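Fold and geometry: a report
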Amino acid sequence: MTGLKAAVIGCGDVSAVHFEAIAKLDGARLAGVCDSDPGRLAAAVAAYGVPGFPDHLSLLEAVGPDVVHVTTPHNMHASIAADCLERGVNVIVEKPLAHTLEEGRRLVETAKASTAKIAVCFQNRYNATSQAMHALLSSGELGAVVGASATVLWHRDADYYLSRPWRGTWAGGGGGLMMNQAIHTVDLLQWLVGDVVSLSGNAATRFLGETIEVEDTAEFVAEHANGARSAFYATLANAVNAPVTLDIVTEKATLSLRGDLTVTYADGRVDVVPERVMESGGRAYWGVSHELLINDFYARLGDEGPFWIDPEEAEKSLRIVKEIYRQSYKEAVATVS
């Protein structure tokens with residue numbers, strides 16, 4: 001990996017972790033930025049000393065990047081990523097894959113037809129705890145998975161949505177809590193326990209109805225291909241951002257994620273896997289795994305085959321979320337799907 005040119009499209013909140021990761025890469029450099037908002041674009045140009053562009057096609061033409069990081073609002077993910085892939089440009093796109101199933105499916109097909117690689121940012125799969133859980137479950141030493149449960153008890157207020165109005169809309173975000181926060185835990189649940197074959201769920205606005213048109217609370221019960229059942233609950237009405245919980249019960253052990261991972265075996269043994277944490281800073285809450293995913297993607301650019309978290313893999317969590325919406329918003333299926 002030498003002399004690679006990187007570009008960031010979308011200079012909002014989450015772009016900060018991408019800029020930081022690019023700056024630490026050996027053999028790659030930031031070559032351009034793009035944002036449709038003049039103020040954010042000017043700030044990024046001043047901060048990073050690279051050319052700025054108001055639209056992504058101009059950036060692709062002028063910069064000729066090797067890798068593009070797409071950190072825009074949800075409704076732009078799929079179209080921008082597809083434009084890059086069709087030009088042979090590698091892509092790292094933030095979650096979710098797309099704001100609708102139709103756009104997501106189109107990006108899956110575009111990725112299959114492209115010579116370029118694409119990663120979707122489900123970076124929590126790189127958490128030390130997630131990796132340990134997956135290794136244990138895949139080894140077979142714990143026996144079959146019996147069942148699982150997960151919670152996301154977080155807090156968002158009206159100002160969070162008013163500062164970025166697209167977040168609170170179906171058109172801009174494709175949904176609310178489940179698309180913007182809890183989809184990470186949905187992804188972990190289906191990755192660790194197994195593909196979801198059916199589910200029954202509900203999404204509603206319990207707390208922020210005067211500010212947003214999307215959901216701030218949701219729950220579901222899912223049946224997995226291996227016969228296990230999982231229960232899930234998430235809300236933004238909590239007083240604080242509590243640690244995500246994820247419990248998986250197997251024939252020979254129980255795995256409990258509460259920041260760190262505790263594995264309690266049937267014979268009484270207990271193992272603890274600590275999670276990596278950032279020392280401080282406003283983004284410490286997000287953890288360090290964005291950087292790990294980005295580093296891994298660049299390192300694997302020369303590998304055969306697709307990146308392991310590609311659109312086809314990311315489509316699984318999108319389908320789960322959209323099925324909850326389909327069951328909850330029957331009067332507006334065309335809007336939410």
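Computed from a predicted model, the values in this text were never measured in an experiment. Numbering of residues begins from 1 in every chain and follows the order in which that chain's sequence is written. Reporting in this predicted model follows two pLDDT cut-offs: at least 70 for local features of residues, and 80 or more for side-chain atom pairs to be given and counted; totals over whole chains, interfaces and linings ignore these cut-offs and use all residues. No hydrogens and no water enter the side-chain calculation; it runs on all heavy atoms of the structure.

1. Some points on the sheet that holds strand E3 (residues 52-53)
Backbone-to-backbone hydrogen bonds join strands into a sheet, with any given pair of strands oriented parallel or antiparallel. Note the following rule: Here, any two strands with at least 2 DSSP bridges between them count as paired. Strands are runs of DSSP state E lasting at least two residues, helices are runs of H or I lasting at least four, and both sets are numbered from the N terminus onward. Throughout, a residue-residue contact means that at least one pair of heavy atoms, one from each residue, lies within 4.5 Å. Fitted lines through C-alpha atoms give the axes, limited to the stretch in contact for helices. The angle between two N-to-C directions lies from 0 to 180 degrees.
With parallel pairing, the six strands of this open sheet are ordered in space as E3-E2-E1-E4-E5-E6. Either end of the sheet is taken by a strand with one partner, and the two such strands are E3 and strand E6 (118-121). The sheet strands contacting helix H11 (residues 289-299) are strand E1 (4-9), strand E2 (28-34), strand E4 (67-70), strand E5 (90-94) and E6, and the helix crosses E5 at an angle near 165 degrees.

2. Overview of the layout of surface pockets
Keep this limit in mind: Only protein atoms enter the 1 Å grid used here, on which a cavity is any set of points holding a 1.4 Å probe that cannot leave and a pocket is any open set flanked by protein within 12 Å on both sides along at least five of seven lines; residues with an atom within 4 Å of a point are listed as lining. Grid points are joined across faces, edges and corners, and a volume is the space filled by probe spheres set on the points.
In this model, the second largest pocket occupies a volume close to 190 Å³. Along the walls of the second largest pocket sit 14 residues, with Ala-111, Lys-112, Ala-116, Gly-305 and Pro-306 positioned nearest its centre. Listing elements by their share of the lining of the second largest pocket, those giving two or more residues are helix H5 (101-113) and helix H12 (311-328). Sort the elements by how many residues they give to the lining of the second largest pocket and H5 lands first, with three residues.

3. Points about the state of the cysteines
A disulfide bridge is the covalent bond that connects two cysteines by way of their sulfur atoms. In plain terms, the rule: Defined by distance alone, a disulfide is two cysteine sulfur atoms within 2.5 Å. Buried means the residue's accessible area, taken with a 1.4 Å probe over protein chains only, is under 20% of the maximum for its type, while exposed means over 50%, and partly exposed covers the values in between.
Going through the model one piece at a time under the given rule, you end up with zero disulfides. Lacking any disulfide linkage, Cys-121 is separated from the closest cysteine sulfur, that of Cys-84, by 14 Å. Cys-121 sits in the buried class, given a relative accessible area of 0%.

4. Brief notes about the pattern of salt bridges
Pairing is possible between side chains that carry opposite charge, provided their charged atoms lie close to one another. Formally: Throughout this description, the term salt bridge denotes a Lys or Arg side-chain nitrogen within 4 Å of a carboxyl oxygen of Asp or Glu.
As enumerated under the stated definition, the model contains 19 salt bridges in all. Note that Arg-40 and Asp-35 form a salt bridge whose closest N and O atoms lie 3.3 Å from each other. Look at Arg-40 and you get partly exposed, because its relative accessible area is 31%. Note that Asp-187 is salt-bridged to Arg-125, the shortest N-O span being 2.8 Å. Of this pair, Asp-187 sits in helix H10 (residues 183-193) while Arg-125 sits in the loop between E6 and helix H6 (128-139), placing them 62 residues apart in sequence.

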